[in-house]
Amino acid sequence: MYSLASDRVSAFQVSENTPYRHLTTHYEEKYGIGWYFMHASPRPCFNPELLQDIDQWFACVRQEQDSEVGRDYRYLVLASDVDGVFNLGGDLDLFRSLIAAGDYDGLLDYAKACINVLYQNIVHLERDLTTISLVQGDALGGGFEAALSSNVLIAERGTRMGLPEILFNLFPGMGAYSLLSRRIGAARAEQMILGGQLYTAEELHEMGVVDILAEKGEGELAVLEYIKRAERAANGYRAMREVRDACNTLDYRELLDITKVWVEAALRLGKRDLRMMERLVSRQNAR
C-alpha cells in the first residue's frame, strides 16, 4: 500500500492504467476514495480534452456505483499532478480564436462542457458520496471555480486562488458568482470578481472559502484526516451534506443562463482585450 506522505505523482500515476490523456485516476478501496489528478497539456487549463476525460470518468464512477459488483465510491478527490498549479482556468487560446471568429456556437459549446462537468461535481454525481477539492498550487479563473464546486475545499498554505478575468475585461462565467455568493454572500463575491485579486489559501480560509487549511506538502494527509473524521461520524456528516445541499441548491439553469451572458460578453471584447488575453496565454505556456 502506498503512503500518502510520499510523492504524489509517483504514488498515484503508477497505480492505475487509465485511458485518459489528461487525467490520472486511482481508487483507494479502504475508504472508497476516487482520486483524479489533472495534468492537461500543453497548458494546465481546462482544455476540451481534459473536460471530456473528466466527464467520461464521472460516467464510469456512476456505472460502478450502480453495479452490484462495482467499486464503492464514497469520496471523489479532485487534485493536480502539475507542480505548483491546480488549474489555470479556461482555455484562453481557444477563447481568443473563437472570439476573433465571432463563433457564438463554439464559445457556448465550450462553456456548456465546463458547466456540465462542474454541475456534476456540485451535485456529487447525484450519488451518496462526498466531493473534495485538494488545491496544492495556483487555482485561477475556472480552476478556482472547479475547486469551489466540491463539498469540501482543502488547500495547502501558500497556494493562491483568484478570478483574474477582469484583467481582459471579462468575468468568470462558469459558476464563480453562484458558488462564491453561497459561501460568502453576493456583495463579497462581486467584489472578488471585479477586483481580479489573487488570494492566499490562508486569506480564503479566514473568509470561509477554504474549508480546511493544510500545511505545505501535507494536502493528501489532510484529505485522509478529514475522511477518517467523516467515517467516524458518517451519519452526521452525511446529514450535514444533505442540509448544505438543501440550503444552497444550485440549479443547472442558473449556470446555463450565466454562461450565456458570458458568451455574449466575450464576443464584445475588443482588440486590446484580446491582446491581454494573448499575453496571459504566453504566461500559461511558461507554466
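Data block above holds the structure.
Anyway, here's the lowdown on the structure attached to this text. The model shown is predicted, which means the values in this text are computed figures rather than measured ones. (Residues numbered from 1 in each chain as written. Predicted model: local features only at pLDDT ≥ 70, side-chain atom pairs only at ≥ 80, totals over all residues. Heavy atoms only, no water.)

## Let's talk about the side chain of histidine 124
Note on placement: histidine 124 falls in the loop between helix H4 (104–122) and strand S5 (130–135). Overall, histidine 124 belongs to the buried group, its relative accessible area being 7%. There is a polar contact of 2.8 Å between the side chain of histidine 124 and the side chain of aspartate 245. Among residues more than four places away in sequence, those in contact with histidine 124 are Leu129, Thr131, Asn151, Arg241 and Asp245. (Helix = DSSP H or I, 4+ residues; strand = E, 2+ residues; numbered from the N terminus. Buried < 20%, exposed > 50% of the residue type's maximum accessible area, 1.4 Å probe, protein only. Polar contact = N/O pair within 3.5 Å; in protein donor to acceptor, adjacent residues only side chain to side chain. Contact = heavy atoms within 4.5 Å.)

## With respect to the sheet that holds strand S1 (residues 23–28)
What the six strands build is an open sheet, ordered S1-S2-S3-S5-S7-S10; its pairing is mixed. Strand pairing shows two members of the sheet lacking a second neighbour, S1 and strand S10 (212–214), which therefore form its edges. Within the sheet, the average angular offset between the axes of one strand and its neighbour, ignoring direction, is 20°. Relative to S10, strand S7 (residues 152–156) runs parallel, the two being bridged by three bridges. For glutamate 156, the partnering residue across the bridge sits in S10 and is alanine 214. Contacting S1, strand S2 (33–38) and strand S3 (75–80), helix H2 (residues 48–66) crosses the sheet at an angle of about 170° to S2. (Pairing = 2+ DSSP bridges. Axes fitted to C-alpha atoms, helices over the stretch in contact; angles between N-to-C directions.)

## Some points on the packing of aromatic side chains
When we look at a pair of aromatic rings, we describe it by the centre distance and by the angle of the planes. Evaluation of the coordinates by the stated rule reveals 10 aromatic pairs. Pairing tyrosine 36 with tryptophan 57 gives two aromatic rings, centres 4.6 Å apart and planes at 35°, and the pair type is tilted. In this pair, tyrosine 36 sits in strand S2 while tryptophan 57 sits in helix H2, placing the two residues 21 residues apart along the sequence. Judged by its relative accessible area of 2%, tyrosine 36 is buried. Arranged with centres 5.5 Å apart and planes meeting at 75°, the rings of tyrosine 119 and tyrosine 252 form a pair that is edge-to-face. Residue tyrosine 119 is located in helix H4, and its partner tyrosine 252 is located in helix H11 (residues 252–266); the two are separated by 133 residues in the primary sequence. What makes tyrosine 252 partly exposed here is its relative accessible area of 26%. One aromatic cluster is present, formed by Tyr27, Tyr36, Trp57, Phe58 and Tyr73 through successive ring pairs. (Phe/Tyr/Trp six-rings, centres within 6.5 Å; stacked < 30°, edge-to-face > 60°.)

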